[in-house]
Every structure is written in structure tokens, then in C-alpha cells.
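This is what each chain is made of:
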Amino acid sequence: MALPQINMTKVEADQAQEKFSELLALVEEKQERIVIESQGQVIAAVISYADLKRLEALEDSRDVADFKRAITESDGESYSLEEVITDYNELHGTNFTVENILNG
């Protein structure tokens, strides 16, 4: 099965600013990817929402695979969040708690 052709357009940052609505139309209507450069350096990209969701799904899949691998490699050894925080506090002279981590 052949992969779909994905078009990518490179534009300079000042051009991107001037033609933003046109670039958004390319992304929306043609699923084109826009790469924005400044002085020859890539600084950003504009992608469709569908592309973003695919990227997030790939990241989630990788996270799950990493988690499963970590479980397999741990030989059943695990630590509670409280144990990790206590050990961190002892190592770094801090006073974190579960509550202040979760509540900011």
C-alpha cells in the first residue's frame, strides 16, 4: 500500500505573517504542512488538526510501549509516589508533598 503524498511548503517568517490566512487555507483544504523558517533556520510548523491528532496518538502509543517495557524490566519492583517524593526530598533538601505537586 502506497503512502499518501504529503506536500510541505517552506516559507520565511515574514512571508508567513503576511500570508497567514492563505497558508491556513492550504493546511485546511489540501492537508499541506507549512514549515516556517527564519534566517534559514526552521522555527515552527503549521499542520492540520488531523496531523496533530495522529502525532499525539503516536506519542501515546510510544508512552504505553515505554511503560510496558519499564514494567517488564523492573522485575516486579515498584515504588509509591509518596516513596519517590520522600526520597527526592531527602536527596535535594526539599519539602514537596503529593498535594502541593498536584495543586501547583
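Given the structure is predicted, the values throughout are model-derived calculations rather than measurements.

J.: I keep staring at the pattern of salt bridges and nothing clicks. Help me out?
T.: Pairing between side chains of opposite charge can happen when the charged atoms of each approach one another. Under the counting rule described, the total for this entry stands at 5 salt bridges. The closest approach of N and O atoms between R33 and D51, which form a salt bridge, is 2.8 Å. Separated by 18 residues along the polypeptide, R33 in strand β2 (residues 33-38) and D51 in helix α3 (residues 49-73) bring together distant segments of the chain. Residue classification places R33 among the partly exposed positions, given a relative accessible area of 26%. The salt bridge involving D66 is made with R69; its shortest N-O contact spans 2.7 Å. Highlighted residues: D66 and R69, both in helix α3, separated by 3 residues, approximately one helical turn. One salt-bridge network, in which partners are shared between bridges, spans R33, D51 and R54.

J.: Looking at this model, I keep getting lost on a negative patch on the surface. Mind explaining?
T.: On the surface, a cluster of negative charge is made up of E82, E83, D87, E90 and E99. Looking at which element gives the most residues to the negative patch, the answer is helix α4 (residues 81-92), with 4 residues. If you trace the backbone, D87 turns up in helix α4. Given the relative accessible area of 42%, D87 is considered partly exposed.

J.: What am I meant to see in the pairing of strand β3 (residues 41-46) here?
T.: A regular strand places its side chains so that they alternate between the two faces of the sheet. Where β2 lies against β3, 5 bridges are found, and the strand directions are antiparallel. Bridging from a neighbouring strand, I36 pairs with A44 of β3. Adjacent in sequence and paired antiparallel, β2 and β3 are bridged by 2 residues, among which Q39 carries a positive phi angle near 55°.

J.: Teacher, can you tell me more about the packing of aromatic side chains here?
T.: Two measures describe an aromatic ring pair: the distance that separates the ring centres and the angle between the ring planes. Going through the model one piece at a time under the given rule, you end up with 1 aromatic pair. Arranged with centres 5.9 Å apart and planes meeting at 50°, the rings of Y88 and F96 form a pair that is tilted.

Parameters and conventions
Residues numbered from 1 in each chain as written. Predicted model: local features only at pLDDT ≥ 70, side-chain atom pairs only at ≥ 80, totals over all residues. Heavy atoms only, no water. Salt bridge = Lys/Arg side-chain N within 4 Å of Asp/Glu carboxyl O. Helix = DSSP H or I, 4+ residues; strand = E, 2+ residues; numbered from the N terminus. Buried < 20%, exposed > 50% of the residue type's maximum accessible area, 1.4 Å probe, protein only. Patch = residues over 30% accessible without salt bridge, like charges linked within 9 Å, V, L, I, M, F, W, Y side chains within 5 Å. Areas by Shrake-Rupley, 256 points an atom, 1.4 Å probe, with all protein chains shown as cover. Lys, Arg positive; Asp, Glu negative; His and termini not counted. Charge placed at Lys NZ, Arg CZ, Asp CG, Glu CD. Pairing = 2+ DSSP bridges. Phe/Tyr/Trp six-rings, centres within 6.5 Å; stacked < 30°, edge-to-face > 60°.

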